[in-house]
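Structural overview
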Amino acid sequence: MSAASSADLARASELHARAREAVGAYRFGHGRSLLTDALRRLGRIAGPDRAATALRVRVLVSLAYVDVEADSLAAGLDGLDDAQRHARLLPDGPERAELDGLVLAHRALFLYRAGRVAESLEVFDDAIPRLERGIRSGTGDPSVLAGAYLNRGTAYLLSAQVQLAAADFARCIEASEARGLPLLAAKARHNLGYAAYMTGDLPVALRHYDEAERSFRELSPGLLPALQLDRARALLAAGLATDAARQLDDAIPRLRQQRARQDLAEAEVVRAAAALLAGKIGDARRRARSAERSFTRRGNTRWAAVAALVALRAQTAAALASGRIPARLPERAVKLAETLRALMLEDETGLALMLAVRLELRRGCPAVAELLLDQLPRQRPTTPLDHLMLLRLCRAELAVARGDRRRALAEARGGLVELGRARDRMGGLELVCGTAIHGQQLGELAVGLVLNGPRRSARQLFGWLERTRAQVYRYEPMPAIDDPVLAAKVTALRSLRRAVQLERVGGRSARRQERQAAALEREVLRQGWYTTPWGRPRPVASLAEVVAALGERALVTFAVSGDELVAVVVAGGRTRLARLASAAETGEWAHRLHADLDALAPDGLPAPLARVVTDSARRSAEELDARLIAPLAPVVGERELVVVPTGALYAVPWGSLPSLRGRPVVVAPSATAWLSAELGAVDADHVVIARGPLLAEAIAEEDELRDIYPGAVHLTGAAATVAAVRQALDDASTAHLAAHGEHEPTNAMFSRLELADGPLFAHELSRLGRPPRHCVLAACELAMNHIRPGDEALGFAGGLLAGGVRTVVAASSRVGDEAAATTMVDYHRRIAEGDRPAVALAAAMAGDPFRRPFICLGAG
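Residues numbered from 1 in each chain as written. Predicted model: local features only at pLDDT ≥ 70, side-chain atom pairs only at ≥ 80, totals over all residues. Heavy atoms only, no water.

**Overview of the overall build of the chain**
Our working rule: Under the scheme used here, helices are H or I runs from DSSP no shorter than 4 residues and strands are E runs no shorter than 2 residues, and both carry numbers assigned from the N terminus. Only the C-alpha atoms count toward the radius of gyration. The rule for a globule is 2.2 Å times the residue count to the power 0.38. Whether two residues are in contact is decided by their heavy atoms, any of which lying within 4.5 Å being enough. Per-residue and other accessible areas follow the Shrake-Rupley method at a 1.4 Å probe size, with only the shown protein chains counted as cover for residues. In this tally, Asp and Glu contribute negative charge and Lys and Arg positive charge; neither His nor the terminal groups of the chain are included. Lysine's charge is taken at NZ, arginine's at CZ, aspartate's at CG and glutamate's at CD.
A tally of regular secondary structure across the chain gives 36 helices and 18 strands. Over its C-alpha atoms the chain spans a radius of gyration of 31 Å, differing by no more than 12% from the 29 Å that the globule rule assigns to 860 residues. Of all intrachain contacts in the chain linking residues separated by at least 6 positions in sequence, the fraction that spans at least 24 positions is 72%. Carbon and sulfur atoms make up 50% of the accessible area of the chain, which amounts to about 33900 Å² in all. The positive charge centre, built from 112 side chains, and the negative charge centre, built from 102, are 5 Å apart in the chain.

If you want it as structure tokens, here you go:
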């Protein structure tokens, strides 16, 4: 070979290596340019040359991969055919066998990417032994073999053979680590996360994704969008539509920039599913149709059918919500099911048939629905949780159509048990709460059946409400595992939030810091999802247990069915059902009262304005009283109340309602949560008083509290740091935290109290080793919650309750420093004299309930 040809060969080899790096980072345009240049240089080499031919085969294979990702399957397969023709120019031997294996491995990869999984696995089983022989002979490329293990494992995942997939990923990791290929090992860990996702082990999936992300950020940031896509799938399975959408909204523009058309279209399908779960039906259908067209253009019939299924699911949701079922819609669902079955997509086939079942039932055709239900494929270990819940719903709705109410309730009960098993595996409050959305329709069906049944049993309704709402509070929290990485992120977040506060005080914009803080909050939450399961589940409270614990008190549990607000009242050993008012209208009055109390909160409000706002608040309170409490008066009389709210009623300061002024009221997320708190231990005798910055010195209640609690631990000024307060709270009997607070509606577990060195987050207090028994939050609106489906309420006070605090006293709206101080001094004086928290708070609020909107949460 001439010197010029040798130079061209060397340069082509260098260009190929650079192109592989670019393609591995999803920079397909740059990779194509480098590969084209490599082929041009190889074309200048005169005469047949073994080394040049072998390199040409490798370059053509790499170019075919670019064609598949950025163009179409057909173009990629044509490229492989060209590579195979050049490989045949080489003599038989180890090198030829290894190159044949390389071509076959990529053909298998392209086939599974196109959805032809069975064909793909056959080709992989031919390719991988050839590649293994190439390694043994010394001619093979270890990265190609490791990549083949990785890709065959992914094909196994697509055919739901999870154990075989995990074995191939383990082989990939072993081969990669032995040969110094950290990026391939990280890709295998990413795929192990997908395997865990398929089996429903979402905490493990999220842990693998985070491990892979750390490697990708260092080694190949271009892979991060594909990782975000898979993380979004896991978040959707956990019911966290907003978090999934956030991941995808970040990934989709990057995938578009990378021209990764397959992953981009898949991301649009998952984004459509996130929109559907969030109730944005039009957006879901539009995105799914767009993805379907993209897959069709690429010749990927399997993924086109999956996209069509998401679009059909959106159309079905719209039809069921409106009550108008197009005559041809069930037929379309059945035809799509046939297409999916032919493509060997069993779970998707079942989903399409279940959509047809629900449509036929709504059209009044139970016989047709039953026939379709019989055609469902058998459930598998990898069948998604939402599919399992939908099957239960179909069976329950069919039973209703047949007049078999008992069977319908049995299906609902069985579905909620399955959902509970999945919830028990979750880590972090958010994952535990999020799964509730998958059982929402089953719970609504059961509640509706009880309310509209012939007996309308209040006792039965009580049981169903306890099974379907606020399940996060059923768990006994497990101690958190110390994690230095997580602690460092929380510290960084605290500094950012402190910077935001200082910028605001100085009248400057803090948008950049706000964005950084929001991103870091999501990282902290995500890491908490897999460090350890949230807790051990407690049994649902029985009515008999609740009756025994109530004594002379009454329990009022509010619930909604359709637009009807109802109450289950337990008093004097009897249980009654009361039908009340429009839920939407009552919710609007609750919002008005909340807005009025916010407006009334500032100290020094001009008297004329204060009178106007007070009159408005009084009207709202009287209207709520007439809707919620007055109809119950014949049953509850003057008893103390335990109130279990629903939806907008979580924001009501119950002591401001005329009938409840001066009456002890405890608010709890469920009767089960109340009973657990009521029976909790109260043996500690250790009082902590902490005071944050920026409170008005003239009205601080600290001196009075020193007199009330002479032996208390006091943390004020620079001593009231986050670390000192957290340490002091450990095993306290009473904790009084006087500080400015802020409810974070978009990320409730990062609602916060401002301390000397920055904010103390709800996230940090939700897993104290020995939480305080009684915690008083003398700050604005920290009783507020973000309400998720299933009345899963999360916020600062809610995080404390879920973390094991027995009683939390907090404000449900804004409160002025002066009003807070006055209320708290009166409250603590009564506590020190022996009053129970609910009794003390009722008396402390009675003099000015609109300026003192505190509630007693948990027990008291």
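**Here we look at helix α7 (residues 142-158)**
The test is simple: The span one expects for a helix is its residue count, reduced by one, times 1.5 Å. For every residue, the accessible area (1.4 Å probe, protein chains only) is compared with the maximum for its type, and the residue is labelled buried under 20%, exposed over 50%, or partly exposed between those bounds.
Helix length check: α7, at 17 residues, gives a terminal C-alpha distance of 25 Å against a target of 24 Å (1.5 Å per residue), a fit within 8%. A large share of α7 lies buried, amounting to 15 of its 17 residues. Two residues or fewer after α7 comes Ala160, characterised by a positive phi angle close to 65°.

**Regarding a positive patch on the surface**
Applicable threshold: Grouping into patches uses exposed residues only, defined as over 30% relative accessible area, and leaves out salt-bridged ones; the cut-off is 9 Å for like charges and 5 Å for nonpolar side chains (Val, Leu, Ile, Met, Phe, Trp, Tyr). A side-chain nitrogen of Lys or Arg and a carboxyl oxygen of Asp or Glu constitute a salt bridge if their distance falls within 4 Å.
Taken together, the side chains of Arg259, Arg261, Arg293 and Arg297 define a basic patch exposed on the protein surface. Assignment of secondary structure puts Arg297 in helix α14 (residues 281-298).

**Observations concerning the sheet that holds strand β6 (residues 641-644)**
Strand pairing in a sheet takes place through backbone hydrogen bonds and is either antiparallel or parallel in direction. Rule in force here: Here, strands pair whenever DSSP counts at least two bridges between them. Orientation is described by axes fitted as lines to C-alpha atoms, over the contacting stretch for helices, and by angles from 0 to 180 degrees between their N-to-C directions.
Pairing within the open sheet is mixed, and its 11 strands lie in the order β5-β4-β3-β6-β7-β18-β17-β14-β10-β8-β9. One side of each edge strand has no neighbouring strand; the edge strands of this open sheet are β5 (574-582) and β9 (713-715). Between one strand axis and the next, the sheet turns through 20° on average, direction left out of account. The sheet contacts of helix α28 (residues 607-628) involve β3 (554-561), β4 (564-571) and β5, and relative to β5 the element is tilted by about 135°. Helix α35 (residues 817-832) rests against β10 (734-738), β14 (774-778), β17 (807-811) and β18 (854-858) of the sheet, and its axis sits at about 160° to β14.

**Remarks on the nonpolar core**
This is how it is decided: The set of buried Ala, Val, Leu, Ile, Met, Phe, Trp, Tyr and Cys residues whose side-chain atoms join them within 4.5 Å is what this entry labels a nonpolar core.
Leu555, Trp674 and Phe854 are the most contacted members of the largest nonpolar core, which totals 107 residues. Among the elements that take part in this core, helix α15 (residues 301-322) stands out by supplying 12 residues, more than any other. In this view, Leu555 contacts Phe462, Val546, Leu550, Val568, Val569, Val570, Val642, Val644 and Ala671; residues no more than four positions away in its chain are not counted. With 99 residues, the next largest nonpolar core counts Phe124, Tyr149, Ala234 and Ile252 among its residues.

**Observations regarding the packing of helix α19 (residues 385-401) against helix α20 (residues 405-424)**
Applicable threshold: Angles are sorted into four bins: roughly parallel if under 35 degrees, roughly antiparallel if over 145, roughly perpendicular if 65 to 115, and oblique for all others. For this scheme, ten residues count as nonpolar: Ala, Val, Leu, Ile, Met, Phe, Trp, Tyr, Cys and Pro. Four count as charged, namely Asp, Glu, Lys and Arg, and the remainder, Gly too, count as polar.
Packing of α19 against α20 leaves a shortest axis separation of 7 Å and a crossing angle of 170°. Taken together, the axis directions place α19 and α20 in an arrangement best described as roughly antiparallel. Here α19 contributes Leu385, Leu388, Met389, Arg392, Arg395, Ala396, Ala399 and Val400 to the contact with α20, which in turn contributes Arg407, Ala408, Glu411, Gly414, Gly415, Glu418, Leu419 and Ala422. Considered class by class, the residues forming the contact of α19 with α20 number 9 nonpolar, 2 polar and 5 charged.

**Regarding the pattern of salt bridges**
The full count for this structure, using the stated rule, is 56 salt bridges. One salt bridge connects Arg254 with Asp250, and the closest N-O pair in it is separated by 3.3 Å. With Arg254 and Asp250 both in helix α12 (residues 241-258) and 4 residues apart, the pair spans about one turn of that helix. On the accessibility criterion, Arg254 (34% relative accessible area) is partly exposed. When its relative accessible area of 32% is taken as the criterion, Asp250 is described as partly exposed. A salt bridge links Glu331 to Lys335, with the shortest nitrogen-to-oxygen separation between them at 3.3 Å. With Glu331 and Lys335 both in helix α16 (residues 329-342) and 4 residues apart, this pair spans about one turn of that helix. Among the charged side chains, a network of salt bridges with common partners joins Asp8, Asp37, Arg40, Arg41 and Arg44.

**Thoughts on the pairing of β4**
For a regular strand, side-chain orientation follows a simple rule: the groups alternate between the two sheet faces. Burial analysis of β4 places 7 of its 8 residues in the buried class, the great majority of the element. By the bridge criterion, 7 bridges tie β3 to β4 in an arrangement that is antiparallel. Its bridge partner being in β4, Leu555 is matched across the sheet by Val570. Between β3 and β4, which pair antiparallel and follow one another directly, the connecting turn spans 2 residues, one of which, Gly562, has a positive phi of 65°. Alignment of β4 against β5, held across 7 bridges, turns out to be antiparallel. Within β5, the position partnered with Ala571 by the bridge is Arg574. The antiparallel hairpin formed by β4 and β5 contains 2 residues in its connecting segment, where Gly572 sits at a positive phi of about 60°.

**Quick word on the packing of α7 against helix α9 (residues 182-198)**
Running from N to C, α7 and α9 cross one another at 10°; their axes reach a closest spacing of 10 Å. Looking at the two axes, α7 sits roughly parallel to α9. Along its contact with α7, which presents Ser143, Ala146, Gly147, Leu150, Thr154 and Leu157, the element α9 presents Leu184, Lys187, Ala188, Asn191, Tyr194, Ala195 and Met198. Looking at the contact of α7 with α9, its residues break down into 8 nonpolar, 4 polar and 1 charged.

**Focus: the environment of Gly769**
Take Gly769: it is sitting in the loop between α33 (762-765) and β14. With a relative accessible area of 63%, Gly769 lands in the exposed category. Measuring from C-alpha to C-alpha, the distance between Gly769 and Leu729 comes to 9.8 Å, with 40 residues separating the pair along the chain.

**So, the packing of aromatic side chains**
Defined as follows: Whether two aromatic rings pair depends on their centres lying within 6.5 Å, for rings of Phe, Tyr and Trp, where Trp uses its six-membered ring; planes under 30 degrees apart make the pair stacked, over 60 edge-to-face, and the rest tilted. In our convention, an over-ring charge means Lys NZ or Arg CZ found within 6 Å of a ring centre and within 35 degrees of that ring's normal.
Summed over all chains, the structure comprises 5 aromatic pairs. Members of the aromatic cluster, each reached through a chain of ring pairs, are Phe28, Tyr65 and Phe110. Here the basic side chain of Arg592 rests over the ring of Trp589, its NZ or CZ set 4.4 Å away from the ring centre. Positioned above the aromatic ring of Phe850 is the side chain of Arg661, whose terminal nitrogen or guanidinium carbon lies 5.8 Å from the ring centre.

**A closer look at the pairing of strand β13 (residues 758-761)**
Relative to β13, strand β12 (residues 752-755) is paired through 4 bridges, and the arrangement is antiparallel. From the neighbouring strand, Glu754 faces β13, where its bridge partner is Pro759.

**Some words on the sheet that holds β13**
Strand order across the open sheet formed by 3 strands is β11-β12-β13, with antiparallel pairing between neighbours. Looking at which strands have only one partner, the edges of the open sheet turn out to be β11 (741-742) and β13. Against the sheet, helix α32 (residues 722-729) engages β12 and β13, with an angle of about 30° to β13.

**Side note on the side chain of Thr382**
Summarising the element assignment, Thr382 is placed in the loop between α18 (366-374) and α19. Those residues in contact with Thr382, other than ones at most four positions away along the chain, are Ala160, Val162, Met198 and Asp347.

**Re the state of the cysteines**
Rule in force here: Cysteine sulfur atoms are paired as a disulfide whenever they come within 2.5 Å of each other.
As enumerated under the stated definition, the model contains 0 disulfides in all. Free of any disulfide, Cys365 has its nearest cysteine sulfur in Cys394, 15 Å distant. Owing to a relative accessible area of 23%, Cys365 belongs among the partly exposed residues under this scheme.

**Focus on helix α17 (residues 346-362)**
Relative to the 24 Å expected for 17 residues at 1.5 Å per residue, α17 spans 25 Å between its end C-alpha atoms, a close match to the ideal helical length. Buried residues dominate α17, accounting for 14 of its 17 residues. Count one or two residues on from α17 and you reach Gly364, which has phi positive near 85°.

**Remarks on unusual backbone geometry**
Phi is positive for Arg259, which is not a glycine, with a value near 60°. Position of Arg259 relative to the elements: it lies in the loop between α12 and α13 (261-277). Residue Arg259 is classed as exposed on the basis of its relative accessible area, which comes to 51%.

**A few points about the environment of Glu833**
With respect to the helices, strands and loops of the structure, Glu833 is situated in the loop between α35 and α36 (837-846). Relative accessible area serves as the criterion here: at 62%, Glu833 is assigned to the exposed category. A sequence separation of 23 residues divides Glu833 from Ala810, and the C-alpha atoms of the two residues are 21 Å apart.

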